[in-house]
Amino acid sequence: MADDPLPQRRTCATMALHHRLLDTSPPYVEARDRIEDQAFRIEHGARVVERPGCTLIPVVVHVIWNSAEHNISRGQIDGQIEVLNRDFRMRNADLADVPEVFAPIAADARIRFALADTDPDGDPTDGIVRVRSTRADFDSGDAIKSDAAGGSSPWPTDRYLNIWVGRLRGGLLGYAQFPGGPAATDGVVVTTSAFGTTGTATAPFDRGRTATHEVGHWLDLRHIWGDDGDGCSGSDFVADTPNQGGPNYGVPTFPTISCSNGPNGDMFMNYLDDAAMVMFTAGQVARMQAALTGPRAALGSTVDCNDPEAGAYRVRDTDPPGSGDN
Ligand SMILES: [Zn+2]
């Protein structure tokens, strides 16, 4: 079977899943109301209850493959975890590309990620589940998240960030489920050609940023342009991101003006736009931290941000998450 051509533009189905759940799951509607109320108060100046220090989140990566070249290597997975650790700690080298006017707003999300070293039964694991599927590819319908449908069912979503890597059709790069949704489908999906930086990762989506963007959604971040097409009335409910028309793609130049947001224009270099993807803002970090003390409070453990291994992706073998350094 021929591979679908990669899209020229970034495509994310997070809002499609969001609307599907709003239409089908009354508990999701209620949970989202509560979460957005809290986020609204934070956007309008309420103090965020934040976790102290950094939060270490155990990750399980489900690799769903049909032909052997899509059974990606451990090295490719490690490379993706490393990108997440740089991006969520403001240690990415391309942070230097942020225009001077936006640099003071860039913020450290204080989140670390590590492949889980303990499985749901308490046994040692490498944090990777490999499933040979009879399905050649998947869409945003969530079959990839189910053993019965040819994918792989999640590990407990209140203890692990589940990331599914498989071939998505139709040029879809990935999608995430916002907090407040059903446990059976909670997590992040990334297509094989946009995961990590090596192996099957293919330019221009070979910088690991699809996962950064989708994990941002999983921690409750909205698209920076407000998901109203090219209009100026939609919002990401974050005060320090400029109001912006539609998404930006490719390599925009500064300033890119829309919705009367001059002189500085769109923050097209934000991870939640679709272009340069090098920074979160302080307001976005507040929203993610609110998710970590709210709907995702059970997840992860507190660790010392100044630990010399704070940017490392490996959890020390003899020292499970949260056991000694908080
Ligand atoms: Zn998105």
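Computed from a predicted model, the values in this text were never measured in an experiment.

Novice: Looking at this structure, I do not really get the coordination of the zinc ion. What am I missing?
Specialist: Coordination of the zinc ion by the protein comes from Cys12 (SG), His213 (NE2), His217 (NE2) and His223 (NE2), over a distance range of 2.0 to 2.2 Å. Classification of the site at the zinc ion as tetrahedral follows from its 4 donor atoms and the range of 96 to 122 degrees in their angles at the metal. Look at where the donors of the zinc ion fall in the sequence and you get C-x200-H-x3-H-x5-H. With cysteine 12 in the segment before α1 (14–24) and histidine 213 in helix α4 (residues 209–218), this pair connects stretches of sequence that are 201 residues apart. Under the relative-accessibility criterion, cysteine 12 is labelled partly exposed at 21%. When its relative accessible area of 1% is taken as the criterion, histidine 213 is described as buried.

Novice: For this particular structure, what's the right way to read the packing of aromatic side chains?
Specialist: Here a ring pair, both rings aromatic, is described through the centre-centre distance and the interplanar angle of the planes. Evaluated as defined, the whole model comprises 5 aromatic pairs. Note on phenylalanine 102 and phenylalanine 254: the rings are 6.1 Å apart at their centroids and 85 degrees apart in plane angle, and the pair reads as edge-to-face. Linking phenylalanine 102 in the loop between α3 (74–87) and β2 (111–115) with phenylalanine 254 in the loop between α4 and α5 (282–293), this pair joins segments that are 152 residues apart in sequence. We classify phenylalanine 102 as buried; its relative accessible area is 4%. Overall, the relative accessible area of 37% leaves phenylalanine 254 in the partly exposed class. An aromatic cluster of at least three residues, connected via ring pairs, comprises Phe88, Phe113, Tyr271 and Phe280. One Lys or Arg, arginine 222, reaches over the ring of phenylalanine 178 and ends 5.2 Å from the middle of that ring.

Novice: Just to check I follow, could you spell out the packing of α1 against helix α2 (residues 26–43) for this structure?
Specialist: Helix-helix packing is described using two parameters, namely the angle between the two axes and the distance between the axes. In the contact formed by α1 and α2, the axes pass within 6 Å of each other and the chain directions differ by 115 degrees. Taken together, the axis directions place α1 and α2 in an arrangement best described as roughly perpendicular. Once α1 is placed against α2, the crossing between them reads as left-handed. Judged by residue contacts, His18, Leu21, Leu22 and Thr24 of α1 engage Pro26, Tyr28, Val29 and Arg32 from α2.

Novice: Explain the pattern of salt bridges here, please?
Specialist: If charged atoms from side chains of opposite charge come close, those side chains can pair. Evaluation of the coordinates by the stated rule reveals 17 salt bridges. With a shortest N-O distance of 3.5 Å, glutamate 82 and arginine 86 are connected by a salt bridge. A residue pair is termed a helical-turn pair when its members lie 3 or 4 positions apart in one helix, as glutamate 82 and arginine 86 do in helix α3 at 4 residues. Between aspartate 94 and arginine 209 there is a salt bridge, with the nearest N and O atoms lying 2.8 Å from each other. Taken together, the positions of aspartate 94 in the loop between α3 and β2 and arginine 209 in helix α4 put the pair 115 residues apart, joining distant regions of the chain. The pair aspartate 94 / arginine 209 is uniform in exposure class, with both members buried. Look at the salt bridges and you will find they share partners, linking Arg32, Glu36, Asp220, Arg222 and Arg287 into a network.

Calculation notes
Residues numbered from 1 in each chain as written. Predicted model: local features only at pLDDT ≥ 70, side-chain atom pairs only at ≥ 80, totals over all residues. Heavy atoms only, no water. Donors = N, O, S within 2.8 Å, 3.2 Å for Na, K, Ca; no water. Tetrahedral: all angles 85-135°; square planar, octahedral: opposite > 155°, others 65-115°. Helix = DSSP H or I, 4+ residues; strand = E, 2+ residues; numbered from the N terminus. Buried < 20%, exposed > 50% of the residue type's maximum accessible area, 1.4 Å probe, protein only. Phe/Tyr/Trp six-rings, centres within 6.5 Å; stacked < 30°, edge-to-face > 60°. Lys NZ or Arg CZ within 6 Å of the ring centre and 35° of its normal. Axes fitted to C-alpha atoms, helices over the stretch in contact; angles between N-to-C directions. Parallel < 35°, antiparallel > 145°, perpendicular 65-115°, else oblique. Left-handed = near helix turned anticlockwise from the far one by under 90°. Contact = heavy atoms within 4.5 Å. Salt bridge = Lys/Arg side-chain N within 4 Å of Asp/Glu carboxyl O.

Without other data, these values stay purely geometric and don't point to any function.
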